[in-house]
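# Breakdown of the fold
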There are 2 protein chains.
Amino acid sequence: MSRRVTVEKAAEILTTVDNIVILTHQFPDGDTLGSAFALCRALQTFGKKVRVLCHDVIPEKYEYMTAAVPQPEFEPLFVCAVDVADSKLLGESLQKYTDKVELCIDHHGSHREFEKQLLLNADMGATAMLIYQVITAMGVTVDAVMADCLYTGIATDTGCFKYSNTTPLTHRMAAELMEAGANAETINRAMFDIKSRARVSLEQMALQSIAFYDNGRSAFMQITEEMIQASGANENDMEGLSPLPRQIEGVWVGVMLRQKADGDYKISVRTGTHADASAICGLLGGGGHPRAAGCTLSGTAEQVIATVQKAIHQAVPRIVDR
Amino acid sequence: MSRRVTVEKAAEILTTVDNIVILTHQFPDGDTLGSAFALCRALQTFGKKVRVLCHDVIPEKYEYMTAAVPQPEFEPLFVCAVDVADSKLLGESLQKYTDKVELCIDHHGSHREFEKQLLLNADMGATAMLIYQVITAMGVTVDAVMADCLYTGIATDTGCFKYSNTTPLTHRMAAELMEAGANAETINRAMFDIKSRARVSLEQMALQSIAFYDNGRSAFMQITEEMIQASGANENDMEGLSPLPRQIEGVWVGVMLRQKADGDYKISVRTGTHADASAICGLLGGGGHPRAAGCTLSGTAEQVIATVQKAIHQAVPRIVDR
């Protein structure tokens, strides 16, 4: 059982320690990386030794973060995790830190406690919003680099202010971060606009694979190894495909099946106002947010689709109404 | 030559007149409609007779505006235009008002003067931002309906806060409008998320049509009558296709050719930081914004593509560099 701490307490803890490693979740996204590098930079202004650790190689498009914040080598004395909803999500190479995490800062309502102290606020659309508050509470002035990192976290986790987790506070923080020097245009283009030619062709195939159930209220889209081969898509090209099925008119629950190398399927569920994605994935050993959640399932595509449908019907009985 | 007026002066003018018609541009979008219905509602709070006029049938997805603001019949005594960059854009049925427009409120840098008095601010990402200031200057409290209309205008013209025309002020206004009761989640889903099945299939065909020139720095996408027939797409299904070619990695200039019923091509040009879309379309008798502009051309697709390429090379010489 973790001890809950406030923004002020988290700030106080971090200012009093040194030799800090900041852990991100695997398959890193803009929020875990933006949160980690902003906090890393802020703590470095005190002259502390701080670095960020990630199980995976950090995608090139985040180079404006990785290149701007020095990553010294040292013996860790304090372990912090950001945007990590479950110790399993640290990834294999960071599992060894699971029982050593002193402080975790997260915004996932489905957070599974593994840390000693926890700053959790599920009303925040992004962990980066909490990090912004912690940095401010530490008395650090947000510079252009921190602003880029924090803006990235907030923009990516709110679908560029489009999703239901966007609040007036989200917009006010974005305004302040732009004034602090965040290059919003460049970041938005890199995060939301740019698609490789491989991605464009993968997207076509994915759209063609969409199958509808429950009178068109649920839609399943598949990303197979064959599609990935044929399009020449890489890991980065996969990002942001999961919302596509839910974007089709009349769809309450949009599901993306992605076949992993080991044959298992990574399931991403997206919902509108009619259904709770985390409830659906909770029934399948996963979790996430009300509008966006995920889980992993084994079996054939047909078996996996049937399993997910069963969970949908259980979590959203109204979806089968005529 | 129009007389330029300030926000305060525009507010003063509008409060002193009655029997007001508010003109929108043809092929109406979220900004011209959001601006018109918000202003209409605000002026109605004074007990004035006000209505909105549009050459085209207003798409169903804007029903939350049209249904919320009564549209009385009366003899117009004052004509106002919003988000209309050129009198030609009023559309055929509203041409008769061209010389009768007392006040126009617009944010297009390419604005071609036709009105007696003009409130123009090209630094505003949306005309709705100016309307918000005018409504406030009139001393009217923004209610939930006005907030929905104004949020729609701001969100649609800034690509949901993604485009380069988004400023800290844009975000602050969005925050205030959400607090005033704007249903951001519902509006965003309707404006940016929902795609009909016809749209999804049209989008696939459009992506397949993309051709690259200038070493992949320019990309041309075609929407033909055949594609529209085959997909069963309607007018609403066309919206928001024009940015697709520019979103491909390495593309400086993205061009969409849309074949109109009369055989002419409606050209939409989108650019990143390397090129000026309004400069390109200016050479072709069109206009718009630095990142998004348009024009109309006659001829075969091949001829039209060649003409646009010539304009691109003239406006963006660096695009042909090796």
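For the structure given in this document, a descriptive report is provided here. If you're wondering where the values come from, they're calculated on a predicted model, not measured in any experiment.

Residues and elements named next belong to chain A. In this fold, Ser2 is placed in the segment before β1 (3-4). Given a relative accessible area of 5%, Ser2 falls into the buried group. In this structure the side chain of Ser2 is engaged in a polar contact, spanning 2.5 Å, whose partner is the side chain of Glu115.

Turning next to the interface of chain A and chain B. Taken residue by residue, the interface counts 37 residues in chain A and 37 residues in chain B. Between chain A and chain B, a total of about 3700 Å² is buried, with carbon and sulfur atoms accounting for 53% of that surface. By the criterion of area lost to chain B, the three top residues of chain A are Lys162(A), His171(A) and Glu185(A), representing 16% of everything that side buries. In this structure, Arg172(A) engages Glu179(B) in a salt bridge whose closest nitrogen and oxygen atoms are separated by 2.9 Å. Listing elements by their share of the side of chain A that touches chain B, those giving two or more residues are α6 (168-179), α7 (184-193) and α8 (197-208) of chain A.

Another aspect to go through is the packing of aromatic side chains. One pass over the structure, following the stated rule, counts five aromatic pairs over all chains. With a centroid separation of 6.0 Å and an interplanar angle of 50°, the aromatic rings of Tyr151(A) and Phe161(A) are classed as tilted. Linking Tyr151(A) in helix α5 (residues 144-157) with Phe161(A) in the loop between α5 and α6, this pair joins segments that are 10 residues apart in sequence. The residues Tyr151(A) and Phe161(A) share a single accessibility class, namely buried. Residues Tyr213(B) and Phe220(B) carry aromatic rings whose centres are separated by 5.3 Å and whose planes lie at 85° to one another, so their mutual orientation is edge-to-face.

Let's shift gears to the relation of the copies chain A and chain B. For the match of chain A to chain B, the screw axis carries a shift of 0.0 Å, the RMSD comes to 0.1 Å, and the turn is 180°. Here the transformation between the copies is reduced to the relation of a two-fold axis. Counting the interface residues of chain A, we find that 100% of their copies in chain B are interface residues as well, pointing to one common contact surface.

Definitions and limits used
Every residue gets a number counted from 1 within its own chain, in the order that chain's sequence is written. Naming scheme: in the order in which they are written, chains are lettered from A and ligands are numbered from 1. Local features in this predicted model are restricted to residues of pLDDT 70 or higher, and side-chain atom pairs are both shown and tallied only at a pLDDT of 80 or more, whereas totals for entire chains, interfaces and linings draw on every residue. Computation of side-chain values covers all heavy atoms of the structure but excludes hydrogens and water. Secondary structure is summarised from DSSP: a helix means a run of H or I of at least four residues, a strand means a run of E of at least two, and numbering begins at the N terminus for each. Note on classification: 1.4 Å probe, protein chains only; a residue is buried when its accessible area is under 20% of the maximum for its type, exposed when over 50%, partly exposed between these limits. Residues adjacent in sequence count toward polar contacts only when both atoms are side-chain atoms; beyond that, a polar contact is any pair of N or O atoms within 3.5 Å, and within protein one must be able to donate a hydrogen and the other to accept it. The contact definition used throughout considers only heavy atoms, calling two residues in contact when any of these lie within 4.5 Å. Summed over both partners, the accessible area lost on bringing two parts together, with a 1.4 Å probe, is the buried area. We define a salt bridge as a side-chain nitrogen of Lys or Arg found within 4 Å of a carboxyl oxygen belonging to Asp or Glu. For this analysis, a ring pair means two rings from Phe, Tyr or Trp (six-membered ring only for Trp) whose centres lie within 6.5 Å, classed as stacked if their planes differ by under 30 degrees, edge-to-face if by over 60, and tilted for the remaining angles. Least squares is the method used to superpose the copies, on C-alpha atoms of residues holding a pLDDT of at least 70 in both.

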